[in-house]
Structure formats: C-alpha cells, structure tokens
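Below are the chains, spelled out letter by letter.
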Amino acid sequence: MKYLIIFLLFSFLSTASASELNLFGFRPYVSLNKTMGPRWEGNVFYAETINDSNATFGNQKFVPRDLQSYFQTGMTYKQNPHLNFTAGYVFQRNNPLYRDFVNENRLWQQMIVSHAISYFSLSHRFRFEERFIQNRTTKNTDPMTTRLRYQINFVAPLQGKEIDPGEFLFSAYNEFYFSTTGVRNALYSENWSYAGFGFQTAKFGRIELGPLLQWAVIDRDRHTRRILLVQLGWSYTF
C-alpha cells in the first residue's frame, strides 16, 4: 500500500498546474500477445475511454459518453531479456459514436529497457510517433505531427519474490508526452499516471484494476484537463 500512496502523490505533483476541466470515467482494455519463436512477439491492444461525469468548459458541455476508441497493433523483436524493439500502427477515434468524431492514424516505434532491483521489475519505454489527425472542421487530414513519449513502469510481486500463477502483484507507471513537431498546444502536452493491483491467473492471463489519471493541455491558452479513470485490463499471451 505504501507504494500506491507514494506513486499517486508523485503523479498528482507532476500535473500540479491549475486544472480547469475535471472528468471521471472508466477505461477497459484488452491486450493479446502471440509468441512467434524465441525473439518475436505480436500484440493487439484495444481500449475504450468512457466519461461518466457532467461538466462545462467555456461553451462546451461534457456529458456521459464514449470519449475514445483505441486500436493498436505491434510486432516486437527481443534482442535479449532486458531489451526489445517494437514497431506498430494505431487507429484512434475520438467521440466514436457521435457526429463530431475525429480520426487519427498513427505509426510508432519504441524501445523498452528493463532491469530488476531486488525482486522488483523496472522498465523504461521510449516511443516515437508519427500522427495523422483529421481536422474536425475540414474533415481533411492535417500535416503529420510527431510526438515523443517516455514511460517508467514498476511491477512488484505481493507474494514471494516472483509473480507466479494464482498470486497478486502491484503495478504502477508514469508516462510523459512531448509534442515535438507540427501544430501543438504545448511541448509537454500530456501525462498519464497509473497505480493498481493485478492477479496472475493460472490459465487466463493477468487481470489488473486501478486508477489512471490522464492530464493534457487542451488548447493554445494552456488550459488543462484531468480525467480520473478506473482502468480495468486483461492481458493474455498465447
């Protein structure tokens, strides 16, 4: 529990600018991995972000609705147990069930470096993205923008020194988003913080549940938004 308290405190301090829009909601996700030999692995990831609160920001009203559908694929090459490289594609649709939806197609490349500290696991993810976002007014795709992301991830078993089937675990991460080229609201544009508990099943993969705080700069005037989500995820490797 002390890890959860420390991590949530750090997360809120990292987004300490005056937040003017606060929303609450739910984010379920599914992550499926397919092993393809000793060095290769494919992944499919799907998530929905759902707002469950009412709020007003300027002339815009936010009501309970599906905010975002997110679909990601990737192929990973494992250089060794502590270093891997992935390239993939993302299709994202904001407000997917409504007329004011916005589509985004995205290419991405990443490197993950991991190491152990005692019986904890710590990993560093560096991801670069090429983004092609639809203009809501013209319905045309704007010129490509790019973004750099850095995530630090911490995983610890809660029973023994390893995460075995039938045991619980603690997981936390913080991810920093930097809009590097193209039209942007800010250089440091987003921050995602998560801390939760998981259960490693014997046959059906891993289930995790915890709070996810998404912070973002939403316009050129540096207005910010926070979405506090209950994230429920299922990960399975076959």
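Residues numbered from 1 in each chain as written. Predicted model: local features only at pLDDT ≥ 70, side-chain atom pairs only at ≥ 80, totals over all residues. Heavy atoms only, no water.

Enquirer: How do you make sense of the environment of Tyr-98 when you look at a structure like this?
Expert: Tracing the chain through its elements places Tyr-98 in the loop between strand E6 (83–94) and strand E7 (102–117). With 32 residues separating them in the primary sequence, Tyr-98 and Asp-66 have C-alpha atoms 8.9 Å apart. If near-sequence neighbours (up to four positions away) are discounted, Tyr-98 is found in contact with Arg-65 and Asp-66. (Helix = DSSP H or I, 4+ residues; strand = E, 2+ residues; numbered from the N terminus. Contact = heavy atoms within 4.5 Å.)

Enquirer: How should I be thinking about the pairing of strand E8 (residues 120–133) in this particular structure?
Expert: The side chains of a regular strand alternate between the sheet's two faces. Relative to E8, E7 is paired through 14 bridges, and the arrangement is antiparallel. Paired with Met-111 across the bridge in E8 is Phe-126. Linking two consecutive strands that pair antiparallel, namely E7 and E8, is a turn of two residues; a positive phi of about 60° is found at Ser-118 within it. Judged from the 11 bridges that link them, E8 and strand E9 (residues 145–157) form a sheet pairing that is antiparallel. Bridge pairing in E9 places His-124 opposite Ile-152. (Pairing = 2+ DSSP bridges.)

Enquirer: Where do I start with the packing of aromatic side chains in this structure?
Expert: Each aromatic ring pair is specified by the distance between its two centres and by the angle formed by the two planes. Here the structure, examined in full by the defined rule, presents 17 aromatic pairs. Arg-127 extends its terminal NZ or CZ atom over the ring of Trp-108, reaching a point 3.9 Å from the ring centre. (Phe/Tyr/Trp six-rings, centres within 6.5 Å; stacked < 30°, edge-to-face > 60°. Lys NZ or Arg CZ within 6 Å of the ring centre and 35° of its normal.)

Enquirer: I keep staring at the environment of Ser-53 and nothing clicks. Help me out?
Expert: Secondary-structure assignment places Ser-53 in the loop between strand E2 (40–51) and strand E3 (55–57). Assessed through its relative accessible area of 10%, Ser-53 is described here as buried. Sequence spacing of Ser-53 and Arg-65 is 12 residues, and the spatial spacing of their C-alpha atoms is 8.7 Å. Polar contacts involving the side chain of Ser-53 include one to the side chain of Asn-51, which spans 2.8 Å. (Buried < 20%, exposed > 50% of the residue type's maximum accessible area, 1.4 Å probe, protein only. Polar contact = N/O pair within 3.5 Å; in protein donor to acceptor, adjacent residues only side chain to side chain.)

Enquirer: What am I meant to see in the pairing of E9 here?
Expert: By the criterion of burial, E9 is predominantly enclosed, with 10 of the 13 residues buried. Alignment of E9 against strand E10 (residues 167–181), held across 12 bridges, turns out to be antiparallel. Directly across from Pro-157, in E10, lies its bridge partner Leu-169.

Enquirer: Help me understand a nonpolar patch on the surface in this model?
Expert: Judged by side-chain polarity, Phe-26, Val-30, Ile-50, Phe-204, Ile-207, Leu-209, Val-230, Leu-232 and Trp-234 come together as a nonpolar surface patch covering roughly 740 Å² of accessible area. Of all the elements in the fold, those that place two or more residues in the nonpolar patch are strand E1 (21–35), strand E12 (206–217) and strand E13 (224–237). Among the elements that line the nonpolar patch, the one with the most residues is E13, at three residues. Inspection of the secondary structure assignment puts Trp-234 in strand E13. With a relative accessible area of 34%, Trp-234 lands in the partly exposed category. (Patch = residues over 30% accessible without salt bridge, like charges linked within 9 Å, V, L, I, M, F, W, Y side chains within 5 Å. Areas by Shrake-Rupley, 256 points an atom, 1.4 Å probe, with all protein chains shown as cover. Salt bridge = Lys/Arg side-chain N within 4 Å of Asp/Glu carboxyl O.)

Enquirer: Before we go on, may I ask you to explain the side chain of Gln-68 in this structure?
Expert: Following the sequence through the fold, Gln-68 ends up in strand E5 (residues 65–80). Given a relative accessible area of 17%, Gln-68 falls into the buried group. For Gln-68, the residues in contact, after removing those within four places along its chain, are Ala-47, Glu-48, Thr-49, Gln-92, Arg-93, Asn-94, Asn-95 and Pro-96.

Enquirer: So what exactly am I meant to see when it comes to the sheet that holds E10 here?
Expert: What links the strands of a sheet is backbone hydrogen bonding, and the strands pair in either a parallel or an antiparallel sense. In space, the 11 strands of this closed barrel follow the order E1-E2-E5-E6-E7-E8-E9-E10-E11-E12-E13, with mixed pairing throughout. Going across the sheet, the axis of each strand differs from the next one's by a mean of 20°, ignoring polarity. Inspection of the sheet shows E12 paired to E13 by 12 bridges, in the antiparallel sense. By the bridge assignment, Pro-211 is partnered in E13 with Val-230. (Axes fitted to C-alpha atoms, helices over the stretch in contact; angles between N-to-C directions.)

Enquirer: When you look at the nonpolar core in this model, what are you seeing that I'm missing?
Expert: Within soluble globular proteins, side chains that are nonpolar tend to cluster in buried spots. The biggest cluster of nonpolar side chains holds 13 residues, and the ones touching the most others in it are Leu-21, Leu-23, Phe-62 and Leu-212. Other than its neighbours up to four places away in sequence, Leu-21 contacts Ala-55, Phe-57, Phe-62, Thr-224, Arg-225 and Arg-226. Of all hydrophobic cores here, the second largest spans seven residues; its members include Phe-120, Leu-122, Ala-156 and Ala-195. (Core = buried A, V, L, I, M, F, W, Y, C linked by side-chain atoms within 4.5 Å.)

Enquirer: What exactly am I supposed to notice about the pattern of salt bridges here?
Expert: Pairing is possible between side chains that carry opposite charge, provided their charged atoms lie close to one another. Evaluation of the coordinates by the stated rule reveals 10 salt bridges. Across the pair Arg-106 and Glu-104 runs a salt bridge, and its minimum N-O distance is 2.9 Å. Grouping residues by exposure puts Arg-106 and Glu-104 together as buried. Across the pair Glu-129 and Arg-147 runs a salt bridge whose closest N-O atoms are separated by 2.8 Å. Taken together, the residues Glu-129 in strand E8 and Arg-147 in strand E9 connect sequence positions 18 residues apart. Residue Arg-147 is classed as buried on the basis of its relative accessible area of 3%. Three or more residues are tied together by salt bridges with common partners; here these are Glu-104, Arg-106, Arg-125, Glu-129, Arg-131, Arg-147, Arg-149, Glu-175 and Glu-190.

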